[in-house]
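Coordinates in review
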Amino acid sequence: MASIWVFHGPNLNLLGLREPEHYGSRTLAEINQDVLATASQAGINAECRQTNHEGDLLDWIQALTSDDFLILNPGAWTHTSYAIRDAISAVRVPTLEVHLSNIHAREAFRANSLIAPVSIGQISGLGAEGYVLAMRYAIDYQLRRAK
Ligand code: DQA
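About the cut-offs
- Residues numbered from 1 in each chain as written.
- Predicted model: local features only at pLDDT ≥ 70, side-chain atom pairs only at ≥ 80, totals over all residues.
- Heavy atoms only, no water.
- UniProt positions renumbered as here; feature names shortened; annotations may be inferred.
- Axes fitted to C-alpha atoms, helices over the stretch in contact; angles between N-to-C directions.
- Helix = DSSP H or I, 4+ residues; strand = E, 2+ residues; numbered from the N terminus.
- Parallel < 35°, antiparallel > 145°, perpendicular 65-115°, else oblique.
- Left-handed = near helix turned anticlockwise from the far one by under 90°.
- Contact = heavy atoms within 4.5 Å.
- Nonpolar A, V, L, I, M, F, W, Y, C, P; charged D, E, K, R; others polar.
- 1 Å grid on protein atoms, 1.4 Å probe; cavity = no way out; pocket = protein on both sides within 12 Å on 5 of 7 lines; lining within 4 Å.
- Buried < 20%, exposed > 50% of the residue type's maximum accessible area, 1.4 Å probe, protein only.
- Polar contact = N/O pair within 3.5 Å; in protein donor to acceptor, adjacent residues only side chain to side chain.
- Phe/Tyr/Trp six-rings, centres within 6.5 Å; stacked < 30°, edge-to-face > 60°.
- Lys NZ or Arg CZ within 6 Å of the ring centre and 35° of its normal.
- Near = heavy atom within 4 Å.
- Areas by Shrake-Rupley, 256 points an atom, 1.4 Å probe, with all protein chains shown as cover.
- Sits in = over half its atoms within 2 Å of the grid points.

The name that an unreviewed UniProt entry assigns to the chain is 3-dehydroquinate dehydratase, with the source organism given as Desulfosporosinus metallidurans. In its Subunit (unreviewed entry) section, the UniProt entry covering the chain states "Homododecamer." Under the UniProt heading Pathway (unreviewed entry), the entry covering the chain gives this text: "Metabolic intermediate biosynthesis; chorismate biosynthesis; chorismate from D-erythrose 4-phosphate and phosphoenolpyruvate: step 3/7."

Structure (structure tokens):
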């Protein structure tokens, strides 16, 4: 069973092609590879998934337990989805929100995250490296809890 999950929301399957000035040139497969390598070096199980369907993400979150850790880039659902926020609250899964771009330095609608209040914290604007930093944090968190 994976204990650290990395869920990517809508349009993140297009990374590499999509607005590289905001999201960089790395593909989602490359990002996932780096993140999973970081977990496996630490001997921790991790799994990455992406969806363009909000219901899928809700089902995946509801299937987590409070022993899991979630690294989540909700994409545009960050700014719109009370349902995703409520699912995280309901499951009480520790969640770290990640964005490739700095959502606070772009259009006004992006600065509001509905997910931030139910997250441990937010990494925003560090590009693909943000995911690896999030994974390092998640590993430490899970190792601390296992003691
Ligand atoms: C994003 C920022 C969101 O505003 C946007 O809708 C995305 C990507 C990011 O990673 O920077 O799809 O979450």
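Notes on the packing of helix α2 (residues 28-41) against helix α5 (residues 129-146)
With their axes 9 Å apart at the nearest point, α2 and α5 run at an angle of 25° to one another. When the axis of α2 is compared with that of α5, the two are roughly parallel. Once α2 is placed against α5, the crossing between them reads as right-handed. Touching I31, D34, V35, T38 and A39 of α2 are Y131, V132, M135, R136 and I139, all from α5. Residues that form the contact of α2 with α5 fall into these classes: 7 nonpolar, 1 polar and 2 charged.

Quick notes on the UniProt feature "binding site: substrate" (unreviewed entry) in the chain
As annotated by UniProt and renumbered to match this structure, "binding site: substrate" (unreviewed entry) occupies N73, H79, D86, L100, S101 and R110. Spatially, the listed residues are scattered: they cover 38 residues, and their C-alpha atoms lie as much as 24.1 Å apart. Of the annotated set, the members that line the largest pocket are N73, H79, L100, S101 and R110. Inspection of the secondary structure assignment puts L100 in the loop between β4 (95-99) and β5 (121-124). Take L100: its relative accessible area is 4%, and that puts it in the buried class. Setting aside chain neighbours within four positions, we find L100 in contact with L12, L15, H22, Y23, I31, N73, G125, L126, G127, A128 and Y131. Among residues more than four places away in sequence, those in contact with S101 are H22, Y23, R106, S124 and G125. A polar side-chain atom of S101 sits 2.9 Å from a polar atom in the side chain of R106.

Description of the side chain of T78
Position of T78 among the secondary structure elements: in the loop between β3 (69-73) and α4 (82-91). Overall, T78 belongs to the buried group, its relative accessible area being 0%. Ignoring anything within four residues of it in the chain, the contact list for T78 reads E97, H99, N112, S113, L114 and I115.

Topic: the packing of aromatic side chains
This structure, assessed with the given rule, holds 5 aromatic pairs. Look at W5 and F7: their rings are 6.0 Å apart centre to centre, the planes differ by 55°, and that puts the pair in the tilted class. Ring geometry for F69 versus Y137: centroids 6.3 Å apart, planes at 55°, classification tilted. Taken together, the residues F69 in strand β3 and Y137 in helix α5 connect sequence positions 68 residues apart. On the basis of relative accessibility, which here comes to 0%, the residue F69 falls in the buried class. The lysine or arginine in question, R49, covers the ring of W60, its NZ or CZ lying 5.1 Å from the ring centre.

Re the site of the ligand
Near the ligand, the surroundings consist of R18, Y23, N73, G75, A76, H79, H99, L100, S101, I103 and R110. The contact in question runs from an oxygen atom of the ligand to an N or O atom on the backbone of L100, over 2.8 Å. A distance of 2.8 Å separates an oxygen atom of the ligand from a polar atom in the side chain of R110. Contact with the protein chains removes 99% of the 320 Å² of surface that the ligand exposes when unbound. Judged by the fraction of its atoms near the pocket grid, the ligand is located in the largest pocket.

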